[in-house]
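What the coordinates show
Residues per chain, in single letters:
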Amino acid sequence: MKSVLVVDDNELVRNLIEVVLKEAGLEVLSAASGAAALDLIIKHGSTIACHLQDLSMPVMPGEEVVAEVHKIEPDLPVIILTVDDARQSASRLSGISIAGYVQKPFDPGHLVAKVRDVMR
């Protein structure tokens, strides 16, 4: 089964997303940092069907993580998790291919629907 990679430095948010996705029957991998996410992509890249990326992260900002992930897995769909609206986030991600946005706080049903839509 294909999995979803969840990358968020906030442990509570990351755990909540994991629970929501697992309850929806999805396999989940998670990382608290950009470096950890890149390690998971290298180890499990072909089994990951969707990447959920927090945009505001310390050390390695979300847009940098996504750019590096695309070097390893160019076709991996990425959904951005952000407290900003999609327009503000899009300006930070200029030139980076994004499959969609989910604004925090998120509706669990909307998150699952967006992930399933991108995984198809």
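This report concerns the structure included in the present document. Note that the structure is predicted; figures quoted are calculated from it, not measured.

Okay, the pairing of strand E3 (residues 48-54) next. Counting buried positions along E3 yields seven of seven residues, so the element is predominantly enclosed. In terms of strand pairing, strand E1 (residues 3-7) meets E3 through five bridges, oriented parallel. By the bridge assignment for E3, Val 6 is matched with Leu 52. Here four bridges tie E3 to strand E4 (residues 78-82), and the two strands are oriented parallel to one another. Each bridged residue has a counterpart across the sheet, and for His 51 the counterpart in E4 is Val 78.

Turning next to the sheet that holds E3. Pairing in this open sheet of five strands is parallel, and the strands run E2-E1-E3-E4-E5 from one edge to the other. Both edges of this open sheet fall to strand E2 (27-31) and strand E5 (100-103), since each of them pairs with a single strand only. Adjacent strand axes in the sheet meet at a mean angle of 20° when their direction is disregarded. Set on the sheet, helix H2 (residues 34-44) makes contact with E1, E2 and E3; between it and E2 the angle comes to about 140°. Here helix H3 (residues 62-72) sits on the sheet in contact with E3 and E4, set at roughly 160° to E3.

With 12 residues, helix H5 (residues 108-119) extends 17 Å between its outermost C-alpha atoms, agreeing within 8% with the 16 Å of an ideal straight helix rising 1.5 Å per residue. In this structure, the buried residues of H5 make contact with E1, helix H1 (11-23), E3, E4 and E5.

Moving on, we come to the pattern of salt bridges. For the structure on display, the rule yields four salt bridges. With a closest N to O distance of 3.1 Å, Lys 104 and Asp 54 form a salt bridge. On the criterion of sequence distance, the pair formed by Lys 104 in the loop between E5 and H5 and Asp 54 in strand E3 is long-range, its members being 50 residues apart. Here Lys 104 matches Asp 54 in class, with each residue buried. One salt bridge connects Lys 71 with Glu 68, and the closest N-O pair in it is separated by 3.0 Å.

Before going further, it helps to examine the environment of Ala 67. On the secondary structure map, Ala 67 appears in helix H3. Considered as a pair, Ala 67 and Ile 96 are 29 residues apart in the sequence and their alpha carbons are 6.7 Å apart.

Criteria and cut-off values
- Residues numbered from 1 in each chain as written.
- Predicted model: local features only at pLDDT ≥ 70, side-chain atom pairs only at ≥ 80, totals over all residues.
- Heavy atoms only, no water.
- Buried < 20%, exposed > 50% of the residue type's maximum accessible area, 1.4 Å probe, protein only.
- Helix = DSSP H or I, 4+ residues; strand = E, 2+ residues; numbered from the N terminus.
- Pairing = 2+ DSSP bridges.
- Axes fitted to C-alpha atoms, helices over the stretch in contact; angles between N-to-C directions.
- Contact = heavy atoms within 4.5 Å.
- Expected span 1.5 Å × (residues − 1).
- Salt bridge = Lys/Arg side-chain N within 4 Å of Asp/Glu carboxyl O.

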